[in-house]
Amino acid sequence: MAVTELWLIRHGESIANRAASAAEAEGAEVIHIEMRDADVPLSEDGERQAAALGSVFADNDERLRLDSTRLWVSNYLRARQTLELALDAAQLPLSPRRDERLRDRELGILDLLTRHGVQTRHPEEEERRDWLGKFSYRPPGGESWADLALRLRSVLRDIEDDAHDTGSNSLGVIVAHDSIVMLLLYVCLGWDEAELLEFASSHSVKNASLTRISRGAPGEPWQLDAFSDTTHLERAGAPVTHHSGERDDTRSEGSPEAAVIGGTA
């Protein structure tokens, strides 16, 4: 059987999410985090969000306990913690597959800079981004959204091949990052660049949210069933937060990408 339903889950709030939002609010140039991006853990609120996500897994206990179910997770700590806490809360002893292709977007020389920091320290990069556009712009030493789409296409192919090889059931689960969720939608739904950018301009992927896509059968088009659903967080009384992972985004701080909802930045 082939995968006909995918759950796309963003990690819970991390300590870097909080530090970045605070730095933006203060007008600072640099986000002060003394660790590699891959090693950034969840915040206390992020842990609460991840535990609340467990209710989604518990509600689908029978499907998820099937040996052929596939859970894929970014190799970054915050994503792995999110899935581990959710599985623990649901009492599901499952072993996810780590994959570095699901890691967050790499920002190169713009890493750990706020929007103000980019404008101040690398104005030429802001001009280059404005010229090339968000989809094609690649910071020196970093990645563009187009680069992310390339590595995600190979992940999806492996998920499909794995399902065919093992007789998998129809469900796949991916726990990763906000940019990964957006670019998976771009690839699976067959959007073009303009459609992706229009959607991203008015939609944000909240922490520990669930996005679901499905299709009737292999070869049929995917459809979006739910985007950035946080019902499980609200039901558990966990904070609902969004912190943008797109540090090269130079739009105003009143934009959806800069919003923090129901949490402390």
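Rules behind the numbers
- Once a new chain begins, its residue numbering starts again from 1 and follows that chain's sequence as written.
- The model is predicted, so local features are restricted to residues of pLDDT at least 70 and side-chain atom pairs to those at 80 or more, both for listing and for counting; the totals for chains, interfaces and linings are taken over all residues.
- Only hydrogens and water are set aside; all other atoms, that is, all heavy atoms of the structure, feed into the side-chain values.
- Under the scheme used here, helices are H or I runs from DSSP no shorter than 4 residues and strands are E runs no shorter than 2 residues, and both carry numbers assigned from the N terminus.
- Three exposure classes are used, based on accessible area relative to the maximum for each residue type with a 1.4 Å probe and protein chains only: buried under 20%, partly exposed in between, and exposed over 50%.
- Being paired, for any two strands, means DSSP has found at least two bridges between them.
- Here an axis means a line fitted to C-alpha atoms, over the contact stretch when the element is a helix, while the angle between two N-to-C directions is reported on a 0 to 180 degree scale.

A. Spotlight on unusual backbone geometry. We note that Q91 has phi near 55 degrees; this positive angle belongs to a residue other than glycine. Mapped onto the fold, Q91 is located in the loop between α4 (77–90) and β3 (97–99). Overall, Q91 belongs to the exposed group, its relative accessible area being 64%. Even without a glycine there, the phi angle at A208 is positive, about 60 degrees. Mapped onto the elements, A208 comes out in the loop between α9 (193–202) and β5 (210–214).

B. How the structure looks around the sheet that holds strand β2 (residues 70–74). Taken together, six strands build an open sheet; the order of strands is β3-β2-β4-β1-β5-β6 and the sheet is mixed. Of all strands in the sheet, those with a lone pairing partner are β3 and β6 (223–229), marking the two edges. In this sheet, neighbouring strand axes are inclined to one another by 20 degrees on average, regardless of whether the strands run parallel or antiparallel. Summarising the sheet, β2 and β3 pair through three bridges and their orientation is parallel. Each residue of the ladder has a partner; that of V73, found in β3, is R98.

Everything listed here is a matter of coordinates, which is why it stays silent on function.
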